[in-house]
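Breakdown of the fold
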Amino acid sequence: MKPTFETRFAIGPNESKQMDTENLRKTFLIDGLFKNDAIHFVYTHYDRYMAGSAKPVNESLELETIDELLKEPYFLSRRELGIINIGGQGTVQVDGESYALDFKEALYVGKGAKKVIFSSADPKAPAKFYLNSTPAHHSYPTKKIAKADANKLELGAVETSNVRTINQMLLHTTVETCQLQMGLTELAVGSVWNTMPAHTHDRRMEVYLYFELPEGQAVSHFMGPREETRHIWMHNEQAVISPPWSIHSGAGTSNYSFIWGMAGENMDYNDMDSFKVTDIR
């Protein structure tokens, strides 16, 4: 299936300071993911990152190229792809080989894979494949990463309302990639803050997908330069683009989970320029 797509252009911190709420949301918020029997992407001009979704319900969905964007014979001619399933059991077929993905399991698909097909085991509980894709200049093997295979970091404290488990899934410790990194962070009941103390990494951009957010609850996502921040209110299964110059942090009215994806100049997960909470404005 030929994906539908949107394009978002890159801007700097000076432009973001002039934006009202509507323009901030139009520029950085990603909505409309996980539509039935559809593949949809947002193509950003930050590191040519693509964030999207595939939700097969009544039929399998084949990932076709997007000629207007990629000018390549197939989608992964010069790209790599990360997939995390946040729905029911599904299968991703890559050049004839099938990979079953349960809830919160991941798959890396390397440059050069020609045929990628998404399907669900049960249309009443369809898979929801969250997709991140970046340019790639080397071909690495396709590899499944179960949640148990992830490198886990236990961070935070009850006193600061940020007890959380970071599951590093598509990272050099678990799978070889060109530049794409992805993982899954789960906040404990009673904890609401993510990524505090906040930081930037001028060498990488990032996208967050918030999910497992209970009905009627929301997350306030904080962005912008350290000295002049803005916020965007996020709902379940919405994503947000974080430029290299922006902090990326959030506080919810409930606990929740989110998927982070990164790409850029290096692969050092700990390459962060952190700020004291008291220095953020």
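As shown above, the structure is provided for reference.
Every chain is numbered on its own, with residues counted from 1 as its sequence reads. This being a predicted model, a pLDDT of at least 70 is required before a residue's local features are given, and a value of 80 or more before pairs of side-chain atoms are given or counted; all residues contribute to the totals for chains, interfaces and linings. Only heavy atoms go into the side-chain values, all of them from the structure, while hydrogens and water stay out.

Some words on the sheet that holds strand β22 (residues 247–252)
Which entries qualify depends on this criterion: Should DSSP find at least two bridges between two strands, the strands are regarded as paired. By the criteria applied, helices consist of DSSP H or I runs no shorter than four residues and strands consist of E runs no shorter than two, each listed in order from the N terminus.
One open sheet accounts for 4 strands, arranged β16-β22-β19-β20; its pairing is antiparallel. The sheet is open, and its two borders are formed by β16 (193–194) and β20 (230–234), each paired with just one other strand. Sheet analysis places strand β19 (residues 219–224) next to β22, joined by 6 bridges and oriented antiparallel. Bridging from a neighbouring strand, Val-219 pairs with Gly-252 of β22.

Overview of the sheet that holds strand β3 (residues 38–44)
To summarise the sheet geometry, strands pair through backbone hydrogen bonds and adopt either a parallel or an antiparallel arrangement. To keep it simple, the criterion reads: Angular values range over 0 to 180 degrees, each being the angle between N-to-C directions of two axes fitted as lines to C-alpha atoms, with helices fitted over their stretch in contact.
In spatial order, the strands read β1-β3-β4-β11-β6-β9-β12; together these 7 strands make up an open sheet with mixed pairing. Both outer strands of the open sheet, β1 (4–8) and β12 (143–145), are each paired with one neighbouring strand and no more. Neighbour to neighbour, the strand axes of the sheet diverge by 15° on average, direction disregarded.

Comments concerning the environment of Glu-215
Stated formally: The buried label goes to any residue with under 20% of its type's maximum accessible area, the exposed label to any with over 50%, and the partly exposed label to all in between, with areas taken from a 1.4 Å probe on protein chains only.
Counting through the fold element by element, Glu-215 comes out in the loop between β18 (204–211) and β19. The exposure class of Glu-215 is exposed, given its relative accessible area of 81%. Each C-alpha atom of the pair Glu-215 and Asn-236 lies 7.8 Å from the other, and the pair is 21 residues apart in sequence.

So, the pairing of strand β9 (residues 106–109)
Side chains Ala-106 and Tyr-108 of β9 all project onto a buried face; the interleaved residues Leu-107 and Val-109 project onto the opposite face, where all are buried too. Relative to β9, strand β6 (residues 79–85) runs antiparallel, the two sharing 4 bridges. Bridge assignment links Leu-81 to a residue of β9, and that residue is Val-109. Pairing of β9 with β12, which is carried by 3 bridges, proceeds in the antiparallel orientation. In the sheet register, Tyr-108 faces β12, and the bridge partner there is Lys-143.

Remarks on the packing of aromatic side chains
This is how the line gets drawn: Here a pair means two rings of Phe, Tyr or Trp (six-membered ring of Trp) with centres within 6.5 Å. Their orientation is stacked below 30 degrees between planes, edge-to-face above 60, and tilted elsewhere. We count a charge as sitting over a ring when the NZ of a lysine or the CZ of an arginine lies within 6 Å of the ring centre and within 35 degrees of the ring normal.
Inspection of the entire model under this criterion finds 8 aromatic pairs. Here the aromatic rings of Trp-193 and Phe-222 are separated by 5.8 Å at their centres, their planes lie at 20°, and the arrangement is stacked. Remark: Phe-222 occurs in strand β19 and Trp-193 occurs in strand β16; sequence separation between them is 29 residues. Ring geometry for Tyr-208 versus Phe-258: centroids 4.5 Å apart, planes at 35°, classification tilted. Residue Tyr-208 is found in strand β18, and its partner Phe-258 is found in strand β23 (residues 257–264); the two are separated by 50 residues along the sequence. Classification of Tyr-208 by relative accessible area gives buried; the value is 3%. Residue placement shows Arg-226 over the ring face of Phe-275; its charged tip is 5.8 Å from the ring centre.

So, unusual backbone geometry
Cis geometry marks the peptide bond from Met-196 to Pro-197, where omega comes out at 5°. Following the sequence through the fold, Pro-197 ends up in the loop between β16 and β17 (199–200). At Lys-104, a position not held by glycine, the phi torsion is positive, near 70°. One can find Lys-104 in the loop between β8 (97–101) and β9.

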